[in-house]
Amino acid sequence: MPAITLPDKSVRQFDAPVTGATVAEAIGPGLARAALAMKLDGRLVDLETQIDHDADVVFVTRRDPEALELIRHDAAHVLAEAVQELYPGTQVTIGPAIADGFYYDFARNDPFTPDDFPRIEAKMREIVARGEKFVRQVMDRDAAIRFFDDKGEKYKAEIIQDLPRDETITLYRQGDWVDLCRGPHMRSTADIGGAFKLMKVAGAYWRGDHRNAMLSRIYGTAWRDQKELDNYLHVLEEAERRDHRRIGKEMGLFHFQEEAAGSVFWHPKGWKLYRTAEAYMRRRLDAAGYQEVKTPQLVDRALWERSGHWEKFRQHMFIARVEDEDKTLALKPMNCPCHVQIFRQGVRSYRALPLRLAEFGSCHRYEPSGALHGLMRVRQFTQDDAHIFCTDQQIPPETVRFVELLASIYRDFGFSEFFVKFSDRPALRAGSDDVWDRAEGALKEACASAGIDYTLNPGEGAFYGPKLEFVLRDAIGRDWQCGTLQVDYILPELLGAEYVAEDGSRRTPAMLHRAILGSFERFLGVLIEHYAGRFPLWLAPVQAVVATIVSDADAYAGEVALALRKAGLTAELDLSNQKINAKVREHSLAHVPVLAVVGRKEAEQRTVALRRLGGSTQEVLPLEAAVRRLADEATPPDLSS
RNA sequence: GCCGACGUAGCUCAGCGGUAGAGCAACUGAUUCGUAAUCAGUAGGCCCUCGGUUCAAGUCCGAGCGUCGGCACCA
């Protein structure tokens, strides 16, 4: 005799077990039409699920957030049915709902191409129009294995094999098509609606393991209605518009070419941006008690063997051999072993700790060709790296200092939001479990004293120690891991770093590896996308263009540009024989933040008309006032009062 | 590294067996103009590389390199 409690606390009594659909009908025809699934005691289930006990029921309609996941999951099934109808012999594997959509992985000799999409999508719409009912069916484990084996679906059979023995095996049938699935699903394929689109194909390894077969994955997106779909497609366009590779080309910041795949050719404007960021970082590090150093690019294999890199990191290193000498050198992939060499020079007292050695360290790492991605993933990059040699007791206060510095720097670059991930010991690691216990404990304590909330990232630590990862959120909500703080007891030990303690004994210091931007290349890529190329004045590679309206103003325009440059601004002069409209357009497209327009009137009155990027108004100021104003605005945040 | 797509003028792209094209940019000339494109003209190409098929190859086939989208990787 189930008593069903609804969200408004009202209770409905039934004489016998009922399905959710029956309950919905009992409540009203409107709800019966709208209900897609229900939450039974908090668990999302099919509407056809039998309710045989007193329960809380919440019906899920199209408006609820759960609806999206149902629509996407159902769409994945429809995709699979469409594909098997059109391409017999294709095996199905898995097809989940994901953020913004769904995918389905197929096993097929000929992978799908986007050319197949129109047919598949048309077939999907046909299946949606058929309104095939989703029917859940429980099957005995062995029978299910046989069932899929007989159909030639060996991936499905394998999935069942690997399910826990006590797991209920459920199948979902829509029309004549059946899939192994734990559900839940909506009532019928018609509930999916029309707001879906196939997006791209990709290879994907079976079970995500590169030793397994490569499957053909089709990605799709699905939404509640056309408006949501259009909105999503618009957001994608927006992200494409911000792509740093596109903007880098448009603004002439940098380029790549085959002969140096994965390494950046910085152009004058891009390098200006880079140097601005570097100069800012140098000032911040100086002020925070770091000492800058510079260490060798090419280092003998012997040092990498001692540090453990040769064993743990070799496949990522560029190795160089010299013909005349029997030596093997490697381009450094990290700066830490070299910093330990500096620490080891002379005798260090505990009084000198913490010792903070910073380097804008140029590193090379061999990245797999498929991983390269503009500035975001390169083979040669420069870290804003530093190593803090300290005692155990100094780890928490150093962590607090570091996080304060990091937060302030992110703020100055225009990022207000970041979060922290804690990565603990990986499978492949150096050092004993005792040392790892100590290092992880120290880092946790440091987090507590810095008041840091973090999410755990199990097994993702560096081979020499656990780490905190600092993740930025950009202007359109994407996350970028940039900063890091790693506790390391192992490298100082391996490389023989020591200090003389208060009691005269020799001790090994702890070493904190830390970076705030991560790599300049990647961070600048993030910055370009965050600002979509429209940098704040202090970062903009070209801060102002002085543009004339008539050639009579050329001489005065030259004076204005010179005055701006004398005040430390990067200013260009546009005396070209074009209308002011064209100049405004050209420099707006180039994302120049300030256009200083001078015509006959300005030349006579010794004024300039300032026009801000994206604005439609002008501000006419006397020359000196304009220069003062812009110089003031262009002052980096750490130098302005 | 794996799967797929792509590689043509500085940029964006069209051409898909039969003499290499467009728009923008560049250059030249005219125009001196008040806040997102003034007009006219000129020039510009180892069609990624190497092999093959063919009377004939940007065009078809193979290999390599690179780029893009995923996967794996990000130690």
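Predicted model, so just to flag it, every value in this text is computed and none were measured. (Residues numbered from 1 in each chain as written. Chains lettered and ligands numbered in written order. Predicted model: local features only at pLDDT ≥ 70, side-chain atom pairs only at ≥ 80, totals over all residues. Heavy atoms only, no water.)

**Notes on the packing of helix α9 (residues 268-287) against helix α16 (residues 520-531)**
Running from N to C, α9 and α16 point in directions that differ by 110°, and their axes come no closer than 11 Å. The angle between the axes of α9 and α16 places the two elements in the roughly perpendicular class. Read as a crossing pair, α9 and α16 show a hand that is right-handed. Where α9 abuts α16, its residues Leu273, Tyr274, Ala277, Glu278 and Met281 lie against Phe520, Glu521, Leu524 and Ile528. Here the contact of α9 with α16 is built from residues that sort into seven nonpolar, no polar and two charged. (Axes fitted to C-alpha atoms, helices over the stretch in contact; angles between N-to-C directions. Helix = DSSP H or I, 4+ residues; strand = E, 2+ residues; numbered from the N terminus. Parallel < 35°, antiparallel > 145°, perpendicular 65-115°, else oblique. Left-handed = near helix turned anticlockwise from the far one by under 90°. Contact = heavy atoms within 4.5 Å. Nonpolar A, V, L, I, M, F, W, Y, C, P; charged D, E, K, R; others polar.)

**Some remarks on the domain arrangement of chain A**
In terms of domains, chain A is made up of domain 1 (3-60), domain 2 (81-234), domain 3 (254-531) and domain 4 (544-634). On a C-alpha basis, the centroid separation for the pair domain 3 and domain 4 is 42 Å. (Domains from an automatic or database assignment.)

**Concerning the side chain of glutamate 121**
Mapped onto the elements, glutamate 121 comes out in helix α4 (residues 117-130). A distance of 3.1 Å separates a polar side-chain atom of glutamate 121 from the backbone nitrogen of leucine 198. When near neighbours in sequence (up to four residues on either side) are disregarded, glutamate 121 contacts Phe196, Lys197 and Leu198. (Polar contact = N/O pair within 3.5 Å; in protein donor to acceptor, adjacent residues only side chain to side chain.)

**Looking at the sheet that holds strand β11 (residues 134-139)**
Spatially, the three strands line up as an open sheet ordered β11-β12-β13, and their pairing is antiparallel. The open sheet terminates on both sides in strands that have one partner only, identified here as β11 and β13 (177-180). When the angles between neighbouring strand axes are averaged without regard to direction, this sheet yields 25°. One ladder, built from six bridges, connects β11 with strand β12 (residues 169-174); its direction is antiparallel. Bridging across to β12, phenylalanine 134 finds its partner in glutamine 174. Lying on the sheet, helix α3 (residues 65-86) is in contact with β11, β12 and β13; it crosses β13 at an angle near 125°. (Pairing = 2+ DSSP bridges.)

**Focus on helix α18 (residues 580-589)**
Of the residues making up α18, those classed as buried are Lys583, Val584 and His587. Within α18, the buried residues cover an arc of 100° as seen down the axis, which keeps them to one side. In this structure, α18 carries Asn581, Arg585 and Leu589 as exposed residues pointing more than 90 degrees from its buried face. If you follow the buried residues of α18, they end up packed against β31 (544-548), β32 (571-574), β33 (594-598) and β34 (607-612). Where α18 ends, the next residue or the one after it, histidine 591, has phi of about 60°, a positive value. (Buried < 20%, exposed > 50% of the residue type's maximum accessible area, 1.4 Å probe, protein only. Arc of directions from axis to C-beta.)

**Quick word on the protein's contact with RNA strand B**
What surrounds RNA strand B is a group of 53 residues, the closest being Arg365, Ser369, Asn577, Arg585 and Glu602. Of all atoms in RNA strand B that approach within 4 Å of the protein, 49% are sugar or phosphate atoms. At 3.5 Å, a backbone N or O of asparagine 581 approaches a sugar or linking oxygen of RNA strand B. Tallying contributions element by element places α18 first for the surface near RNA strand B, with seven residues. Of the residues belonging to the surface near RNA strand B, the class tally is 23 nonpolar, 15 polar and 15 charged. (Near = heavy atom within 4 Å.)

**Quick word on the sheet that holds strand β25 (residues 454-457)**
The eight strands lie next to each other as β18-β22-β23-β30-β27-β26-β24-β25, forming an open sheet whose pairing is mixed. The open sheet is flanked by β18 (291-292) and β25, the only strands paired with a single partner. Of the pairings in the sheet, the one linking strand β26 (residues 467-473) to strand β27 (residues 479-488) comprises seven bridges and is antiparallel in character. Across the sheet, residue arginine 473 finds its bridge partner in β27, namely aspartate 479. Across the face of the sheet, helix α13 (residues 395-412) comes into contact with β22 (355-364), β23 (380-390), β24 (418-423), β26, β27 and β30 (510-519) while running at roughly 5° to β30. Taken strand by strand, helix α14 (residues 433-450) contacts β24, β25, β26 and β27, and its axis lies near 160° from that of β24.

**Digging into α9**
Taking 1.5 Å per residue, 20 residues should reach 28 Å; α9 reaches 28 Å between its end C-alpha atoms and fits that length. For α9, the set of buried residues is Gly270, Leu273, Tyr274, Thr276, Ala277, Glu278, Tyr280, Met281, Arg284 and Leu285. Buried residues belonging to α9 abut β17 (265-266), β22, β23, α13, β30 and α16. Immediately beyond the C-terminal end of α9, within one or two residues, lies glycine 289, with a positive phi of roughly 85°. (Expected span 1.5 Å × (residues − 1).)

**Section: the side chain of histidine 77**
For histidine 77, the location among the structural elements is in helix α3. When neighbours within four sequence positions are excluded, histidine 77 is seen to be in contact with Phe134, Tyr172, Gln174, Trp177, Asp179, Cys181 and His185.

**Topic: the packing of α3 against α4**
Where α3 meets α4, the axes come as close as 9 Å, and the angle between the chain directions of the two elements is 115°. Regarding α3 and α4, the two cross each other, and that crossing is right-handed. Between α3 and α4, the residues in contact are Ala75, Val78, Leu79, Glu81, Ala82, Val83, Glu85 and Leu86 and Arg119, Ile120, Lys123, Met124, Ile127, Val128 and Arg130, respectively. Residue classes in the contact of α3 with α4 are distributed as 10 nonpolar, no polar and five charged.

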